[in-house]
Amino acid sequence: MTALLSTKDVHLAYGKKEALHGIDLDFADHSITALIGPSGCGKSTFLRCLNRMNDLIPHTTITGSFQFHEQDIYAPTTNLVELRKQIGMVFQQPNPFPFSVYENVTYGLKLAGHNDRKFLDEQVERALKQAAIWDEVKDNLNKNAMSFSGGQQQRICIARLLAVQPDIILLDEPTSALDPISSAQIETTLMALKNEYCIIIVTHNLQQASRIADRTAFMLNGNLIEYDLTSKMFTKPVMQDTSDYLNGKFG
Ligand SMILES: Nc1ncnc2c1ncn2[C@@H]1O[C@H](COP(=O)(O)OP(=O)(O)OP(=O)(O)O)[C@@H](O)[C@H]1O
Ligand SMILES: [Mg+2]
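Every value quoted in this text rests on a predicted model; they were computed, and no experiment measured them.

What counts as what
Residues numbered from 1 in each chain as written. Chains lettered and ligands numbered in written order. Predicted model: local features only at pLDDT ≥ 70, side-chain atom pairs only at ≥ 80, totals over all residues. Heavy atoms only, no water. UniProt positions renumbered as here; feature names shortened; annotations may be inferred. Helix = DSSP H or I, 4+ residues; strand = E, 2+ residues; numbered from the N terminus. Contact = heavy atoms within 4.5 Å. Pairing = 2+ DSSP bridges. Axes fitted to C-alpha atoms, helices over the stretch in contact; angles between N-to-C directions.

Thoughts on the UniProt feature "domain: ABC transporter" (unreviewed entry) in the protein
Mapped onto this numbering, the UniProt entry annotates "domain: ABC transporter" (unreviewed entry) at residues 5-246. In residues 5-246, the share of helix is 38% and the share of strand is 27%. The end C-alpha atoms are 26 Å apart.

Here it is, written out as structure tokens:
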């Protein structure tokens, strides 16, 4: 596998308490990787390292290597605004801005200095189509994004992120607050997006991981236990802990 993003020996401590104990994980482009494991094992912590969201939490110490293209993500010269555009994140609770759909999707582009109406219109349509929400909102682009359903809001958030042309999309349990139909729509959206992006998703839903992820990483107590093709891990896990987790014995 050629990795778009490669991490080695990642340790993270909150104050004196170490939450990640040396994680090595490579992520391929044009694929979906799932991070699974019981509550508190460090999935969100690890995901947040990838676009430096943990920088916002005081008293965290992060060591290890994070290579993205030729770039060291933790280099002092890294521009965090640019980094988070290239490596965007979607959260468990949909968090659109309390503005119109159009304003949400053009937000990042306007910040970057784009104000040509025709260009913005084209990007809004492209991003909303890629996020599979265009048909549902195209006649209501001026309506407040908060007035849509949770599942629609989540896809608007995905469109907001796609508007700025990221390379990597991080999602932390993006469907756990949604109903089954909305969840299925998000899964379909992600399956289509993986042709163009590197997608990394944290999920508690093992069926979801097995349906959509090319590769799956199983974490336990801040350690990476096993990382393999999803089809392989779900049928023939190597480690006993993986097998126990997949069989519902804990977590
Ligand atoms: N901001 C924080 N400050 C201190 N400790 C934290 C912080 N965030 C997480 N932790 C601790 O780090 C460990 C890993 O937490 P993390 O949220 O990454 O787990 P998770 O696998 O995402 O769990 P869940 O499935 O419940 O979301 C836990 O012991 C947690 O209590
Ligand atoms: Mg979490």
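Re the environment of Ala127
Checked against the element boundaries, Ala127 lands in helix H4 (residues 117-130). Along the sequence, Ala127 and Ile225 sit 98 residues apart, while their C-alpha atoms lie 36 Å from each other. When residues no more than four places from it in sequence are discounted, the contact partners of Ala127 are Val105, Ala159, Leu162 and Ala163.

Section: the sheet that holds strand E1 (residues 3-14)
Spatially, E2-E1-E4-E5 is the arrangement adopted by the 4 strands of the open sheet, whose pairing is antiparallel. What marks the edges here is a single partner per strand, and that holds for strand E2 (17-28) and strand E5 (71-72). Helix H1 (residues 43-50) rests against E1, E2 and strand E4 (60-68) of the sheet, and its axis sits at about 120 degrees to E1.

A closer look at the sheet that holds strand E10 (residues 223-229)
In any sheet, the strands associate via hydrogen bonds between backbone groups, in a parallel or an antiparallel arrangement. One open sheet accounts for 6 strands, arranged E6-E7-E8-E3-E9-E10; its pairing is mixed. Of all the strands in the sheet, the pair left with one neighbour each is strand E6 (87-90) and E10. Put simply, the sheet's adjacent strands are angled 15 degrees from each other on average, direction ignored. Pairing between strand E7 (residues 168-172) and strand E8 (residues 198-202): 5 bridges, direction parallel. Each bridged residue has a counterpart across the sheet, and for Leu171 the counterpart in E8 is Ile201. Sheet strands in contact with H1 are strand E3 (31-36), E6, E7, E8 and strand E9 (215-220), and its direction is about 155 degrees off that of E7. Each of E6 and E7 touches helix H6 (residues 150-162); the most contacted strand, E6, lies at about 170 degrees to it.

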